Amino acid sequence: MGRVYNFSAGPSMLPESVLNKAAAEMLDYEGTGTSVMEMSHRSKAFQGIIDSAEALVREIYKVPDNYKVLFLQGGASTQFAAIPLNFMNGTGKADYIITGRWANQAFKEAKKYGDVVAAASSEDKTYTYIPKTTRESFRDDIDYVYYCMNNTIYGTTFKYIPDTGDIPLIADVSSCFFSEPLDISKFAMVYGGAQKNVAPAGLVIAIIREDMLGHARDYTPTMLDYKIHADNGSMYNTPPCYTIYMCKLVLEWIKSIGGLDAMKARNEAKAKILYDYLDSSKLFKGTVVKEDRSLMNVPFVIGDKDMEAKFIAEATEAGFINLKGHKTVGGMRASIYNAMPIEGVEKLVEFMKKFEEANS
Ligand SMILES: *Cc1c(COP(=O)(O)O)cnc(C)c1O
């Protein structure tokens with residue numbers, strides 16, 4: 001079988017050129033005679049890899065100099081606890097915007113550590129829209145505001161950066177990482193799991209403003225203290241070396257196609273093909289209000305469970321895999337991250353049109 005179009009929400013597709021490069025370098029990385037998998041993380045060769053990865057993050061996102069770039073483990077989910085432990089240490093209060101499953105899990109975790117409230121939520125309409133917030137939505141005396149920028153399961157995305165005044169703003173960008181330009185200076189921290197858009201699983205990248213560091217609670221596990229990782233160049237312990245190497249290759253690929261402006265244009269063009277069809281189809285329907293639609297995750301339904309199962313089975317057979325929606329939403333979801341080629345979306349839409357003709 002050749003390669004299929006993989007619409008998985010994560011881990012997800014990687015650019016084919018990146019996989020080819022990794023394959024070519026598998027046995028002998030740049031004349032070292034070893035694979036990156038076999039290298040000491042204290043070697044000169046690996047130091048070069050992690051330094052390049054960091055430099056590329058800084059260049060591609062135009063990260064201001066007063067921010068640290070950290071390569072961490074434990075997934076985005078571990079940061080749900082690390083964030084309050086590191087940052088909820090002034091008044092012990094924080095406000096969360098609840099826009100779906102991941103924001104909710106972060107919210108629940110933070111509640112273990114302090115006075116945490118939902119400043120806004122779209123739960124009333126099953127997270128099919130993004131609540132509008134203003135500075136007045138948030139309490140005055142809180143340590144930070146937290147939100148999830150792109151909601152992987154529900155397919156919504158923030159088209160605005162919440163105004164929090166002087167209050168530090170923290171965003172989970174796992175499923176929209178490096179998908180379009182982002183003004184990092186508006187944030188105290190942005191972070192994401194790499195397995196959606198940047199690398200294989202096993203890596204979290206966190207970009208943190210320096211003044212936020214050094215205030216962790218004294219009982220914070222050493223491995224969750226961001227300052228420890230910042231002071232040790234993300235190598236306090238053994239980092240996920242191979243995943244960091246893959247991240248470097250993906251970032252080189254993003255740079256080679258023109259950086260985040262080009263990536264955004266590509267992603268908009270791709271998403272438009274699918275959304276335009278969903279808007280015209282009599283069989284398939286998008287589930288999210290138009291103005292808050294994600295460029296990355298596109299949930300849609302038929303509304304008839306048997307017909308949906310038939311569609312997913314036939315699509316899989318035709319080489320469009322992982323289209324089944326998240327178990328909490330049902331229906332279908334096409335995740336069309338950076339690495340999904342435009343042909344993948346064009347061919348999926350062709351397939352959907354044929355399915356609609358055959359089943360109406
Ligand atoms: C996938 C995802 C997570 C969870 O990531 P893990 O690395 O599995 O912990 C958190 N937030 C968002 C937005 C996600 O898409």
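Report on the accompanying structure. The residue count restarts for each chain, going from 1 along the sequence in the order it is written. Local features in this predicted model are restricted to residues of pLDDT 70 or higher, and side-chain atom pairs are both shown and tallied only at a pLDDT of 80 or more, whereas totals for entire chains, interfaces and linings draw on every residue. Computation of side-chain values: all heavy atoms of the structure, hydrogens and water removed.

1. Overview of the overall build of the chain
Put simply, the rule reads: Counting from the N terminus, the helices are DSSP H or I runs at least four residues long and the strands are E runs at least two residues long. Atoms considered for the radius of gyration are the C-alpha atoms alone. The globule rule reads 2.2 Å times the number of residues to the power 0.38. Burial classes follow relative accessibility: with a 1.4 Å probe on protein chains only, a residue under 20% of its type's maximum area counts as buried, one over 50% as exposed, and anything between as partly exposed. The contact rule is simple, with two residues in contact once any of their heavy atoms fall within 4.5 Å. To measure how exposed things are, a 1.4 Å probe is used in the Shrake-Rupley method; for residues, cover is taken only from the protein chains shown. Positive charges come from Lys and Arg alone, negative charges from Asp and Glu alone, with His and the N- and C-terminal ends not counted. Here the site of a charge means NZ on Lys, CZ on Arg, CG on Asp, or CD on Glu.
For the chain, the count of helices and strands is nine helices and 14 strands. The C-alpha radius of gyration of the chain comes to 21 Å, within 12% of the 21 Å expected for a compact globule of 360 residues. Its C-alpha atoms give the chain principal-axis dimensions of roughly 65 × 55 × 30 Å. A burial count over the chain gives 55% of its 360 residues as buried. Pairs at least 24 apart in sequence give 69% of the contacts found in the chain among residues at least 6 apart. Counting every atom, the chain has about 15300 Å² of accessible surface; 51% of that belongs to carbon and sulfur. Of the side chains in the chain, 40 bear a positive and 45 a negative charge, and the two mean positions are spaced by 3 Å.

2. Quick look at the environment of Val117
For Val117, the location among the structural elements is in strand β4 (residues 115-121). Distance in space between the C-alpha atoms of Val117 and Phe107 is 8.0 Å, their sequence separation being ten residues. Not counting residues within four places of it along the chain, the set of residues in contact with Val117 comprises Ala94, Asp95, Tyr96, Phe107 and Arg139.

3. Points about the environment of Arg3
The following threshold applies: We call two N or O atoms a polar contact when they sit within 3.5 Å, provided that within protein one can donate a hydrogen and the other can accept it, with sequence-adjacent residues counted only if both atoms are side-chain atoms.
Within the secondary structure, Arg3 sits in the segment before β1 (5-6). Between the C-alpha atoms of Arg3 and Ile50, which are 47 residues apart in sequence, the distance is 30 Å. In contact with Arg3, not counting residues within four places along its chain, are Met13, Leu14, Glu16 and Leu19. At a separation of 3.4 Å, a polar atom in the side chain of Arg3 contacts the side chain of Glu16.

4. Regarding the nonpolar core
Here is the rule: Think of a nonpolar core as a cluster: buried Ala, Val, Leu, Ile, Met, Phe, Trp, Tyr and Cys residues, connected wherever their side-chain atoms sit within 4.5 Å.
Core analysis: the largest hydrophobic core is formed by 92 residues, its most contacted members being Phe71, Phe178, Phe284 and Phe311. The element that contributes the greatest number of residues to this core is helix α6 (residues 241-256), accounting for eleven residues. Grouped together as the second largest cluster of nonpolar side chains are 33 residues, Phe107, Val204, Tyr226 and Ala230 included.

5. Some words on the pattern of salt bridges
What counts is decided by this rule: The working definition used for a salt bridge is a side-chain nitrogen of Lys or Arg within 4 Å of a carboxyl oxygen of Asp or Glu.
Applying the stated criterion across every chain yields a total of 20 salt bridges. With a closest N to O distance of 3.8 Å, Asp279 and Lys290 form a salt bridge. Here Lys290 lies in the loop between β11 (285-286) and β12 (297-301) and Asp279 lies in helix α7 (residues 259-280), a separation of eleven residues in the sequence. Of the residues examined, Lys290 reaches a relative accessible area of 54% and is grouped as exposed. Linked by salt bridges that have partners in common, Asp95, Asp115 and Arg139 make up one network.

6. Side note on the pairing of strand β3 (residues 93-98)
Rules: Paired strands are those between which DSSP finds at least two bridges. For the handedness criterion, the strands are oriented away from the viewer, and a crossover whose path from the first strand over the helix to the second runs clockwise is classed as right-handed.
Burial runs high along β3: five of the six residues are buried. In this structure, β3 lies alongside β4, joined through six bridges in parallel fashion. For Ile98, the partnering residue across the bridge sits in β4 and is Ser121. Handedness of the crossover is the feature at issue here: the chain leaves β3, passes through helix α4 (residues 101-111), returns alongside β4, and the resulting connection is right-handed. Across three bridges, the pairing between β3 and strand β5 (residues 144-148) is parallel. Note on β5: the bridge partner recorded for Asp95 is Val145.

7. Topic: the packing of aromatic side chains
Applicable threshold: Ring pairs are drawn from Phe, Tyr and Trp, using the six-membered ring of Trp, whenever the two centres fall within 6.5 Å, and their geometry is named by plane angle: stacked under 30 degrees, edge-to-face over 60, tilted for the rest.
Throughout the structure, instances matching the rule amount to 22 aromatic pairs. Note on Tyr61 and Phe177: the rings are 6.2 Å apart at their centroids and 45° apart in plane angle, and the pair reads as tilted. Remark: Phe177 occurs in the loop between β8 (169-172) and β9 (189-193) and Tyr61 occurs in helix α2 (residues 44-61); sequence separation between them is 116 residues. Residues Tyr61 and Phe177 agree in their burial class; the two are buried. Geometrically, the ring pair formed by Phe311 and Phe351 is tilted, given 5.8 Å between the ring centres and 45° between the ring planes. With Phe311 in helix α8 (residues 305-317) and Phe351 in helix α9 (residues 342-358), the pair connects residues that are 40 residues apart, well separated along the chain.

8. Here we look at the site of the ligand
What counts is decided by this rule: Near residues are defined by distance, with any heavy atom within 4 Å of the molecule or strand qualifying the residue. In the scheme used here, Gly and all other residues not listed as nonpolar or charged are polar, with Ala, Val, Leu, Ile, Met, Phe, Trp, Tyr, Cys and Pro taken as nonpolar and Asp, Glu, Lys and Arg as charged.
With respect to spatial proximity, 13 residues lie near the ligand, and among them Ser77, Thr152, Asp172, Gln195 and Lys196 are the closest. At 2.6 Å, a side-chain N or O of Ser77 approaches an oxygen atom of the ligand. Measuring from a nitrogen atom of the ligand, one finds a side-chain N or O atom of Asp172 at 2.6 Å. Notes on the ligand: free accessible area 390 Å², of which the protein chains cover 87%. With four residues, helix α3 (residues 75-87) is the largest single contributor of residues to the shell around the ligand. Residue composition of the shell around the ligand, by class: four nonpolar, seven polar and two charged.

9. As for the sheet that holds β3
Using the following cut-off: With axes taken as lines fitted to C-alpha atoms, and helix axes fitted only over the stretch in contact, angles between N-to-C directions fall between 0 and 180 degrees.
Strand order across the open sheet formed by seven strands is β2-β10-β9-β8-β5-β3-β4, with mixed pairing between neighbours. The sheet is open, and its two borders are formed by β2 (67-72) and β4, each paired with just one other strand. With strand direction ignored, the average angle separating the axes of adjacent strands in the sheet is 20°.

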